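Topology and contacts: notes
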Amino acid sequence: MKIAIIGGGASGLACAFSVMSLSETKGIKTEVDVIEKNDRVGKKLLSTGNGRCNLTNIFVDKNCYPYSYQFAEYALNRYSPESNIEFFSSLGLYCISDKEGRVYPMSYQASAVLDALRFSCEEKGVTFICGSECKSVRKSGRGFLLDGDRYYDKVVFACGAKAGVKYFKSYELLASLGHSITKTAPSLVKLVSSDKALKPLKGIRAAASVSLYDGKTLLKEETGELQFGDNTISGIAAMQLSVFASRHFLKRNTSLRLSVDFVPAMSFDKLLNAVENTVRLHPEFIAENLLTGFMPKKVGMMLLKKADIGLHDKLSALGIKQRKSLCSVCKKCDFEITGTMDFSVAQVTAGGANTKEFDSQTMQSKKHKGLYCIGEMLDVDGLCGGYNLQWAWSSARCCALSIVTGESYNDKNQ
């Protein structure tokens, strides 16, 4: 049995090793070629989790995959986070988790994850064909021809997606075999706003509670750090909201509203009492410094301007209406979100190969027996926190099991 895996990223490497390992256990002679267009495998994996590789999350549920859980559910349960942690342990890679459930290699080095996969694949006899872009795949008898002259019994598309790459042609390859591709958009990506108030905040980080609205409809709430850039809002909280923003902008080009609470640890009344206490104790202070005890100074200055309070006004001059207005803006500061940054800076892709055309238990095509699609190539994406790599491992292992055992959608539906 000869297998081609197009793409040497997270899902491709996990699938390659699993196929060879299962084949060895069952005494099946198998050859696996991993075809990678880059000069080495696992290049994108090295940058995940800011180089630390947040490889899964022990708190996986349907809310972590808001647009694709129905398809992903079987694989995520079949190969759970605990199962995938054990999988890496069998490769000699040991992991630890934090209070948020995020799982990392003990070394906190993404290179350790890649090395574990790469060395284990090499040990099992997987062949890496790097610097080679697959340009055509067509059905040939019971198998497939790649680039017109390389025959394989089974082919796995593990090509990743558009996020973080200069060009991506694998959707066209899959489409040439009769599969459809849903609309795609950058996800886990910076939000874009046209609000001029953001300009002075470039480089500033602030703790906040944020809510994303489509008109009056609440799409999602998050609490965490925000980071401000050139007309952009990022940080973990904003990145989580981008999953919902991306899907919105796929459907229509209407702006969203981001409502930010810059003092999430205090209620409005507690904040107002604190502000009034500062005014009472320091009446000669100027307003510019009023909020420095609550947030970064530049954020406070931005909020003062939104509340129409002069930066050099004395605190003694602020009336009760102004103090209430300022506290209201602190607890609910709205920014118009007009879009997201592009694929070049996105972590994952929303959209992809239409999951209706693949078996959710085996990842096998419903159109062609022996053709598989795994990982981000499929229209499955999750929130930030290890959920997308969890999907990569689980879908890859389901695929490998089907390849070796021979179970297929076509078999189940004859």
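See the structure above.
The following paragraphs examine the structure supplied in this document. The numbering scheme is per chain: residues are counted from 1 as the chain's sequence reads. Per-residue local features of the predicted model are confined to residues with pLDDT of at least 70, and side-chain atom pairs are confined, for both listing and counting, to 80 or more; whole-chain, interface and lining totals are unaffected and use all residues. Hydrogens are left out, water is left out, and the side-chain values use all remaining heavy atoms of the structure.

1. Observations regarding the overall build of the protein
Each helix is a run of DSSP H or I of at least 4 residues and each strand a run of E of at least 2, with the numbering of both proceeding from the N terminus. The helix and strand tally for the protein stands at eleven helices and 19 strands. With respect to the principal axes defined by its C-alpha atoms, the protein has extents near 85 × 40 × 35 Å. Here's how the labels work: a residue is buried when its accessible area is under 20% of the maximum for its type, exposed when over 50%, partly exposed in between, all with a 1.4 Å probe on protein chains only. For the protein, the proportion of its 414 residues judged to be buried stands at 52%. Pairs of residues are marked as contacts when any of their non-hydrogen atoms sit within 4.5 Å. Counting contacts in the protein only where the partners sit at least 6 residues apart, residues at least 24 apart contribute 75% of the total. Looking at the protein as shown, the accessible area adds up to about 18,400 Å², and 48% of this sits on carbon and sulfur atoms. Charge centroids of the protein, computed over 53 positive and 42 negative side chains, lie 3 Å from each other. Using the Shrake-Rupley algorithm and a 1.4 Å probe, accessible areas are obtained, with residue cover drawn only from the displayed protein chains. Counting rule for charge: Lys and Arg are taken as positive, Asp and Glu as negative, and neither His nor the chain ends is counted. The atom standing in for a charge is NZ when the residue is Lys, CZ when it is Arg, CG when it is Asp and CD when it is Glu.

2. A word on the nonpolar core
With 128 residues, the main nonpolar core has Phe-157, Phe-262 and Leu-303 as its most contacted residues. At eleven residues, helix α10 (residues 387–405) tops the list of elements feeding residues into this core. Those residues in contact with Phe-262 that sit more than four places away from it in its chain are Ala-206, Ala-207, Phe-228, Met-295, Val-299, Met-302, Leu-303, Cys-330, Cys-333 and Phe-335. The criterion is simple. A nonpolar core is a set of buried Ala, Val, Leu, Ile, Met, Phe, Trp, Tyr and Cys residues joined through side-chain atoms within 4.5 Å.

3. What about unusual backbone geometry?
Not every positive phi belongs to a glycine, and Asn-231 is a case in point at roughly 60°. By the element assignment, Asn-231 lies in the loop between β14 (217–229) and β15 (232–234). Phi is positive for Asp-308, which is not a glycine, with a value near 60°. Locating Asp-308 in the fold gives a position in the loop between α8 (297–306) and α9 (320–331). Judged by relative accessible area, which is 68%, Asp-308 ranks as exposed.

4. Topic: the pairing of strand β1 (residues 2–6)
Extensive coverage of β1 is indicated by the burial of four of its five residues. Strand pairing follows a simple DSSP-based rule, namely that at least 2 bridges must link the two strands. Sheet topology places β1 next to strand β2 (residues 31–36); five bridges connect them, and they run parallel. In the sheet register, Ala-4 faces β2, and the bridge partner there is Asp-33. For the segment spanning β1, helix α1 (residues 10–26) and β2, crossover handedness is right-handed. Here the term right-handed applies to a crossover when the path leading from its first strand over the helix to its second strand runs clockwise, the strands being oriented away from the viewer.

5. Notes on the packing of aromatic side chains
Aromatic ring pairs are described here by two measures, namely the spacing of the ring centres and the angle between the planes. Between rings of Phe, Tyr and Trp, where Trp is taken as its six-membered ring, a pair exists when centres lie within 6.5 Å; planes separated by under 30 degrees are stacked, by over 60 edge-to-face, and by other angles tilted. If you walk through the whole model with that rule in mind, you get nine aromatic pairs. Each ring, one from Phe-71 and one from Trp-391, has its centre 6.1 Å from the other, and the planes form 65°; the classification is edge-to-face. Placement of the pair is Phe-71 in helix α2 (residues 69–78) and Trp-391 in helix α10, with a sequence separation of 320 residues. A residue is classified by how much of its surface remains accessible, and Trp-391, at 2% relative accessible area, is buried. A ring pair is formed by Phe-168 and Tyr-171, whose centres lie 4.7 Å apart and whose planes are at 75°; its orientation type is edge-to-face. For the pair shown, Phe-168 and Tyr-171 are each scored as buried. By definition, being over a ring means that NZ of Lys or CZ of Arg is both within 6 Å of the ring centre and within 35 degrees of the ring normal. Cation over ring: Lys-2 sits above Tyr-152, and NZ or CZ is 5.2 Å from the ring centre.

6. Remarks on the pattern of salt bridges
We count a salt bridge whenever a side-chain nitrogen from Lys or Arg sits within 4 Å of a carboxyl oxygen from Asp or Glu. In total, this model carries 20 salt bridges according to the counting rule given. Between Glu-376 and Lys-44 there is a salt bridge; the shortest N-O distance is 3.5 Å. Residue Glu-376 is located in the loop between β19 (371–373) and α10, and its partner Lys-44 is located in the loop between β2 and β3 (56–57); the two are separated by 332 residues in the primary sequence. The partner of Lys-297 in a salt bridge is Glu-288, and the shortest N-O contact between them spans 3.1 Å. Classification of Lys-297 as partly exposed rests on a relative accessible area of 35%.

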